[in-house]
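Commentary on secondary and tertiary structure
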Amino acid sequence: MHRSKLTRLLVACAVGATTVVATPAAADAAPEPAWHRYVLGPAAPTVTPVRAEGRGDVTRPDALVSGHGRAATLTTVAGATPASVLLDFGRDIAGTPGIDVTAVTGAPTLTLVTGEARQYLRRPAATTVAAPATAGATVVTLASAANLEAGNTITFGTGATAQTSTITAFDTTAATVTVGPALAQDVPAGTAVTTSPGAPASDESRGLAGVGGPDTFQPTAAGRLTGGFHGGFRFILLTLATPGSVTIAGAGVDFQAYRATPADYRGWFLSSDDQLNRMWYSGAYTLQLDIKPAGLNGLPETRIYDGAKRDRSIWTGDLLVQAPTAISTLGPPGADAVRSSLDVLLATQRADGALPGSPDFGKGRNPAGSPLFYSNNYSGYGARAVIDYYRYTGDAAYATAALPALRRELAYNDTFLDANHLVVSNDRDFWQATQTGEVTKYSIDYHVLLREMAWLERRLGSADAAAADDAKADAIKAAVNERLWSPALGAYGQSSDHPDVLVEDANALALQYGIVPAERRASVLDALRRLWTPYGAILGPGLQDPTGHTIEPFGNGMETAGRFAVQDTTGALELMRRTWGPMVDPGNPLYTGGLWEFKNSSGGVNRATASLAHGWAASPTVQLTEQVLGVSPVGPGYATWRIQPHTGGLTWAQGAVPTQYGTITASWASILFGQLVALQADTPAGTTGTIAVPATARTVVTVNGRVVWEHGHGHGYQAALADGYVQLTVPGGRYTVAAVGR
């Protein structure tokens, strides 16, 4: 192709890629940007259900969705199935439920329970027969009368001898149940008893969260019934537990998390892949659900909790994902929430320098919680969260004030380093099981903390301290490669005690943070694939959290980051789809609009209290911005930045990132099977950065129509080829970069 035609084509493609880029400020003057349709936050402060379903004697349950002057009536009679209405809000919300009662008959009791997953809104009874019952009996004594409900089926025994009946009444004091039809054969004491579908049950953990649990009302007349605060739920189950009737004209929830409409987003993302788009906005919404507004639950400050429902505590490891997500999506309000959470953390530092894994854990007795010194690893995460806050905001005053505390934390972590320059702590990490010996992940985590502290010291502290931190990190890196590499695995082993146990997290972090020598990277990538399932990567062979989950989005986020770091974009996106794809599928029974704490080996969750809006799972939001769109901070607050997209088979991506200097907007298009890449970037004045586009020595690269790379030589902007990209050093401004002929 003639060069003039080629240049015109490149520029046209690049400009075409940018014409769809719109900032939130321009939304009023133009058609609604396409990314708006992915935003999950409620449009109004009161949220109403999108579906309603009745059980028992319920008339017009759909009136609680449609309204328009209609009302639903629940009627319960003794011995019959209690009337109930299931309200579905379509996705997770948080707040205080309200019910508008217009009529009451009798003296009924109305209960309200919430749940993230429908399957955990009822808890089947699981007990045994306490005294023998003979054939023909209709009353049976049980060991417990918990979770019984009239109208439920009840099964005595298992297998071929099991017999099933229906509960017509029960006595909680005597622990007896009345059934019909009568028993067909004798039932000995000790026989297992189960029921279906069970009695209404909350999926919340009040001992940890300090809020939630069932609400019980005894309405006597028309009026408004207001429940307590519930931290994260998609469903409400209303049950008329005792005889009587109640007519309800409406039900809704006063939303009490961070309610972000499109106008509140300061960063956004959109690409040619709908599933990835949904992941980005689900991660952003998860963070919004996890934010406790100032004043809620008697606590004056804003806090970022780990989960919307549970634990509702600040956790340092979670903040490593949550802080960049909050700041890059919400801008200053997100930064404020991070800083406020860090204040709580720093205020609870121990005398020996340790920061707690959670500064406000276990709120059952005190809404403020109390510090939990969970592990030395989580202590180090706390220091890294403060450094991340500085990296993304440029708040030098805050980081300078915190630097002495971070140095004390570093000294505490250093006490676990042995003579071989590896970490030995017999400690727990995010999957809660003790790891003994010289532990690969713990050693790499300390290596990362030292590098982060060196970065901070060079900007705000001591150059000598930075050099010492880097030297110590270098020694750890060398020791990990010398002592913890397993030729049998073709990867790093779990620890010196378990050298041939393959684990995901350590190997993923080794890739992400440059521990793995270039000649070993392919082997580590292949080894990690052995841990993949259709639902994501497992922790490692035979490893699981003691509570039963085997697939950790926190750990899978480490692996996707590691794969991006060594240019395995295809593998990173494939694992992202396996792990997070089911979570963002509205047809999935566990869909909440949020991202989940964990999965079990079959891709589901294994307990009612599992958090289905958990901030540590939001890594796709950060990585799609920083790796696929390609915009990441280099200097504090994006004073220097990098724009280096990983196209990964996508045809285009675009988005915006807020910084203290102004918004960075970027877009790119990749056509002709990746042989043509066009990128447009608008970056703030007063900043500098690197723009990198996929290229080879044969590629022709132009900037604003001028050739800057051709025949393997640069002609401006310090153009240089490295790691499959032509990299350009530029001041803040507007750039159209095009590359052809890879």
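1. Points about the overall build of the chain
Counting secondary structure elements, the chain contains 15 helices and 39 strands. Seen through its C-alpha atoms, the chain measures out along the principal axes to roughly 95 × 65 × 50 Å. Total accessible area on the chain is roughly 26,100 Å²; 53% of this is exposed by carbon and sulfur atoms.

2. As for empty space enclosed by the protein
Following the criterion strictly, the structure yields one cavity of 30 Å³ or more and no others. If you add up the space inside the largest cavity, you get close to 70 Å³. Among the elements of the structure, α7 (376–393) and α9 (440–460) are those that each provide at least two residues to the lining of the largest cavity. With five residues, α7 is the largest single contributor of residues to the lining of the largest cavity.

3. Let's talk about the sheet that holds strand β9 (residues 139–141)
Strand order across the open sheet formed by six strands is β8-β13-β10-β11-β12-β9, with antiparallel pairing between neighbours. Each edge of the sheet is formed by a strand with only one pairing partner; in this case those strands are β8 (126–128) and β9. Along the sheet, successive strands turn relative to each other by an average axial angle of 40 degrees, direction set aside. When β8 meets strand β13 (residues 192–196), the two strands line up antiparallel, connected through three bridges. In the sheet register, threonine 128 faces β13, and the bridge partner there is alanine 192.

4. Remarks on the sheet that holds strand β39 (residues 734–740)
The strands making up a sheet associate through backbone hydrogen bonding, with each pair oriented either parallel or antiparallel. Overall, antiparallel pairing links the eight strands, which are arranged β19-β30-β31-β32-β39-β34-β35-β36 in an open sheet. Sheet topology places β19 (268–271) and β36 (713–714) at the edges, where each strand pairs with a single neighbour. The sheet contact formed by strand β34 (residues 700–703) and strand β35 (residues 706–710) spans three bridges and is antiparallel. Bridging from a neighbouring strand, threonine 702 pairs with valine 707 of β35.

5. Some points on the layout of surface pockets
Volume-wise, the largest pocket comes out at about 1,600 Å³. Lining the largest pocket are 47 residues; nearest its centre among them are Gln512, Tyr513, Ala565, Glu626 and Gln627. Mapped by element, the contributors of at least two residues to the lining of the largest pocket are α5 (316–330), α7, α9, α11 (504–512), α13 (553–565), α15 (619–629) and β28 (631–633). Class assignment of the residues belonging to the lining of the largest pocket gives a composition of 23 nonpolar, 13 polar and eleven charged.

6. Here we look at the packing of aromatic side chains
Evaluation of the coordinates by the stated rule reveals 23 aromatic pairs. Between tryptophan 315 and phenylalanine 361 the ring centres are 5.6 Å apart and the planes differ by 75 degrees, which places this aromatic pair in the edge-to-face class. With tryptophan 315 in the loop between β21 (303–304) and α5 and phenylalanine 361 in strand β22 (residues 358–361), this pair connects stretches of sequence that are 46 residues apart. Feature note: the residues Trp35, Tyr38, Tyr265, Trp268, Phe269, Trp280 and Tyr281 constitute an aromatic cluster, connected by ring pairs. Directly above the ring of tryptophan 455 sits arginine 391, whose terminal nitrogen or CZ lies 4.4 Å from the centroid.

7. Some remarks on unusual backbone geometry
Leave glycine aside and you will find that most residues have negative phi; peptide bonds, for their part, are mostly trans. Omega for the peptide link from serine 196 to proline 197 comes to 0 degrees, which places this bond in the cis form. Tracing the backbone through its elements, the reader meets proline 197 in the loop between β13 and β14 (199–200). With an omega of 5 degrees, the peptide bond between arginine 310 and aspartate 311 qualifies as cis. Examined against the element boundaries, aspartate 311 turns out to sit in the loop between β21 and α5. Although it is not a glycine, alanine 175 sits at a positive phi angle of roughly 60 degrees. Secondary-structure assignment places alanine 175 in the loop between β11 (163–171) and β12 (176–180). Despite not being glycine, arginine 312 has its phi angle at roughly 55 degrees, a positive value.

8. Focus on the environment of glycine 228
Residue placement: glycine 228 occurs in the loop between β16 (223–226) and β17 (230–240). For glycine 228 and glycine 95, which are 133 residues apart along the polypeptide, the C-alpha to C-alpha distance reads 8.1 Å. Here glycine 228 is in contact with Gly95, Thr96, Pro97 and Asp215, once residues within four sequence places are set aside.

9. Comments concerning the packing of helix α4 (residues 274–290) against α5
One way to put it is that α4 packs onto α5 with a least axis distance of 10 Å and a crossing angle of 105 degrees. The orientation of α4 relative to α5 falls into the category roughly perpendicular. Taken together, the residues of α5 that come into contact with α4 (itself represented by Trp280, Gly283, Ala284, Leu287, Gln288 and Asp290) are Gln322, Thr325, Ala326, Thr329 and Leu330. In terms of residue class, the contact of α4 with α5 is built from five nonpolar, five polar and one charged.

10. What to know about the environment of tyrosine 38
On the secondary structure map, tyrosine 38 appears in the loop between α1 (3–18) and β1 (46–47). Here the alpha-carbon distance between tyrosine 38 and threonine 134, two residues 96 residues apart in the chain, equals 60 Å. Excluding anything up to four places from it in sequence, tyrosine 38 contacts Leu270, Asp274, Asn277, Arg278 and Tyr281.

11. Section: the confidence of the model for the chain
Low pLDDT means the predicted atomic positions in that stretch should not be read closely. In the predicted model, the chain carries a mean pLDDT of 94, and 95% of its residues have values of at least 70. A low-confidence stretch, residues 13–27 (pLDDT under 50), is modelled with 30 contacts involving residues beyond four sequence positions or located in other chains.

12. Focus: α4
Compared with an ideal rise of 1.5 Å per residue, which puts 17 residues at 24 Å, α4 spans 24 Å between its outermost C-alpha atoms and is within 8% of the ideal. With respect to burial, α4 is a largely interior element, 14 of its 17 residues being buried. Where α4 begins, the capping side chain belongs to aspartate 273, and its oxygen is found 3.0 Å from the backbone nitrogen of glutamine 275.

13. Overview of the pairing of β39
The side chains of a regular strand alternate, residue by residue, between the two faces of the sheet. Taking burial as the measure, the seven residues of β39 include six buried ones, the bulk of the element. Strand direction decides the pairing type here: strand β32 (residues 676–682) and β39, joined by seven bridges, are antiparallel. When the sheet's bridge partners are listed, aspartate 682 is paired in β39 with arginine 734. In terms of strand pairing, β34 meets β39 through four bridges, oriented antiparallel.

14. Some thoughts on the side chain of asparagine 556
One can find asparagine 556 in helix α13. Within the structure, asparagine 556 has its side chain in polar contact with the side chain of glutamate 504 (distance 2.9 Å). Discounting residues that sit within four places of it in the chain, asparagine 556 has contacts with Glu504, Gly536, Ala537, Ile551, Leu575, Thr579 and Trp580.

15. Here's the deal with the pattern of salt bridges
This structure, assessed with the given rule, holds 34 salt bridges. Arginine 384 serves as the salt-bridge partner of aspartate 445, at 3.7 Å between the closest nitrogen and oxygen. With aspartate 445 in helix α9 and arginine 384 in helix α7, this pair connects stretches of sequence that are 61 residues apart. Aspartate 445 sits in the buried class, given a relative accessible area of 5%. With a relative accessible area of 8%, arginine 384 lands in the buried category. The salt bridge partner of glutamate 574 is arginine 578, with a shortest N-O separation of 3.0 Å.

16. A word on α11
Along α11, eight of the nine residues are buried, which leaves the element largely enclosed by surrounding structure. Buried positions along α11 lie against α9, β25 (491–492), α12 (521–529), β27 (536–537), α13 and α14 (569–580). At the exit of α11 stands glycine 514, carrying a positive phi of roughly 70 degrees.

What counts, and where the lines are drawn
- Residues numbered from 1 in each chain as written.
- Predicted model: local features only at pLDDT ≥ 70, side-chain atom pairs only at ≥ 80, totals over all residues.
- Heavy atoms only, no water.
- Helix = DSSP H or I, 4+ residues; strand = E, 2+ residues; numbered from the N terminus.
- Areas by Shrake-Rupley, 256 points an atom, 1.4 Å probe, with all protein chains shown as cover.
- 1 Å grid on protein atoms, 1.4 Å probe; cavity = no way out; pocket = protein on both sides within 12 Å on 5 of 7 lines; lining within 4 Å.
- Points joined across faces, edges and corners; volume = space filled by probe spheres on them.
- Pairing = 2+ DSSP bridges.
- Axes fitted to C-alpha atoms, helices over the stretch in contact; angles between N-to-C directions.
- Nonpolar A, V, L, I, M, F, W, Y, C, P; charged D, E, K, R; others polar.
- Phe/Tyr/Trp six-rings, centres within 6.5 Å; stacked < 30°, edge-to-face > 60°.
- Lys NZ or Arg CZ within 6 Å of the ring centre and 35° of its normal.
- Contact = heavy atoms within 4.5 Å.
- Parallel < 35°, antiparallel > 145°, perpendicular 65-115°, else oblique.
- pLDDT = per-residue confidence, 0-100.
- Expected span 1.5 Å × (residues − 1).
- Buried < 20%, exposed > 50% of the residue type's maximum accessible area, 1.4 Å probe, protein only.
- Polar contact = N/O pair within 3.5 Å; in protein donor to acceptor, adjacent residues only side chain to side chain.
- Salt bridge = Lys/Arg side-chain N within 4 Å of Asp/Glu carboxyl O.

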